[in-house]
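Chain by chain, the residues:
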Amino acid sequence: MKKTRVVLADDHRLFRDGLRRLLELEADIEVIGEARDGVEAIEITRKLLPDLLLLDVNMPHKDGGAVVRELSPELTRVKFVVITAYDDEEHLADLSSAGVDGYVLKSSGLSELLSAVRSVARGDPYVDPKVAGKLLSSFHKHKEERDQLTDLTQREKEVLFWLSQGYSNAEIAAKMVLSEKTVKNHVSHLLRKLDLTDRTQAAVLAWKMGL
């Protein structure tokens, strides 16, 4: 089994220790490094090249958004999941623009954290359901909710549903008995019609609309 190699970044030692112990109970996850602040997170991530950096938003020297903003253009294969106590629209919009792949609230449980790590590791976005609505409001203020899905074909709505469940294009293709290329085209079309830029925003929209 190929393990997801994770670096943890948080300025609270006790929190890091607890998180490490919980993650290492999972057969498919391996914690390969830890960082105490934003600068150290950047250094260790560059050195170890993990599959995923799991980081707190509030850290000394550089916050989580700044860390992701610096690393994401350079280390394109590294994924980023943030753990945050903040669920206000300003913080969420900033993290989204930085290039974060997954969001988990500190008030959520281990199951949400593991879902985020596994979803993002396989290339699919993850947004904690508790913050989905607030993320959507920052992404899509200029469109009325009732109009957001009317331009989609039935097939595109089905693809949007499976996408919101965290499935990859290949998995969606298998479920819908379509080619992966066709699913990819449907995803591109629905993103364009909904005026969204990525799968994370599409998943948030689907959750918000109760699709």
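Heads up: the structure comes first, above all this text.
These figures come from a predicted structure and were not determined experimentally.

**Student:** Explain the nonpolar core here, please?
**Tutor:** When a protein is soluble and globular, its nonpolar side chains tend to lie buried together. Counting residues in each nonpolar core, the largest one holds 23 residues, and the members touching the most others are Ala9, Leu53, Leu55, Val67, Leu71 and Val82. Setting aside chain neighbours within four positions, we find Val82 in contact with Leu55, Val57, Leu95, Val100, Gly102, Tyr103 and Val104. Of all hydrophobic cores here, the second largest spans 18 residues; its members include Leu160, Ala173, Leu205 and Ala206.

**Student:** Got a minute to help me understand the packing of helix 7 (residues 154-164) against helix 9 (residues 180-194) in this structure?
**Tutor:** A pair of packed helices is characterised by two quantities: the angle between their axes and the separation of those axes. Between helix 7 and helix 9, whose axes approach to 9 Å, the crossing angle comes to 95°. Taken as axis vectors, helix 7 and helix 9 run roughly perpendicular relative to one another. For the pair formed by helix 7 and helix 9, the contact residues are Arg155, Glu156, Val159, Leu160 and Leu163 on the first element and Val183, His186, Val187, His189, Leu190, Lys193 and Leu194 on the second. Partitioned by chemical class, the residues of the contact of helix 7 with helix 9 number seven nonpolar, two polar and three charged.

**Student:** Teacher, can you tell me more about the pattern of salt bridges here?
**Tutor:** Once the charged atoms of two side chains with opposite charge are near each other, the side chains can pair. Enumeration according to the criterion identifies 16 salt bridges in this entry. Its salt-bridge partner being Glu40, residue Arg36 comes within 3.0 Å of it at the nearest N-O pair. It is possible to trace a salt-bridge network through shared partners that takes in Arg16, Arg20, Glu24 and Glu34.

**Student:** Could you clarify how one ought to interpret the sheet that holds strand 3 (residues 52-56) in this entry?
**Tutor:** In a beta sheet, neighbouring strands are held together by backbone hydrogen bonds and run either parallel or antiparallel to one another. Strand order across the open sheet formed by six strands is 2-1-3-4-5-6, with parallel pairing between neighbours. At either end of the open sheet lies a strand with only one pairing partner, and these are strand 2 (29-35) and strand 6 (126-127). Relative to strand 3, strand 1 (residues 4-9) runs parallel, the two sharing four bridges. The residue bridging Leu8 from the neighbouring strand is Leu54, located in strand 3. Packed on one face of the sheet, helix 2 (residues 38-48) meets strand 1, strand 2 and strand 3 and runs near 135° to strand 2.

**Student:** Sorry, what's going on with the side chain of Asn169 here?
**Tutor:** Within the secondary structure layout, Asn169 lies in helix 8 (residues 169-176). Aside from chain neighbours lying at most four places away, what touches Asn169 is Glu180, Val183, Lys184, Val187 and Arg199.

**Student:** Sorry, what's going on with unusual backbone geometry here?
**Tutor:** For residues that are not glycine, phi is negative in most cases, and the peptide bond is trans in most cases. Its identity as a non-glycine residue notwithstanding, Val177 has a phi of 55°, on the positive side. A positive phi is found at Asp195, a non-glycine position, where the angle reads about 60°. Checked against the element boundaries, Asp195 lands in the loop between helix 9 and helix 10 (199-209).

Analysis parameters
- Residues numbered from 1 in each chain as written.
- Predicted model: local features only at pLDDT ≥ 70, side-chain atom pairs only at ≥ 80, totals over all residues.
- Heavy atoms only, no water.
- Core = buried A, V, L, I, M, F, W, Y, C linked by side-chain atoms within 4.5 Å.
- Buried < 20%, exposed > 50% of the residue type's maximum accessible area, 1.4 Å probe, protein only.
- Contact = heavy atoms within 4.5 Å.
- Axes fitted to C-alpha atoms, helices over the stretch in contact; angles between N-to-C directions.
- Helix = DSSP H or I, 4+ residues; strand = E, 2+ residues; numbered from the N terminus.
- Parallel < 35°, antiparallel > 145°, perpendicular 65-115°, else oblique.
- Nonpolar A, V, L, I, M, F, W, Y, C, P; charged D, E, K, R; others polar.
- Salt bridge = Lys/Arg side-chain N within 4 Å of Asp/Glu carboxyl O.
- Pairing = 2+ DSSP bridges.

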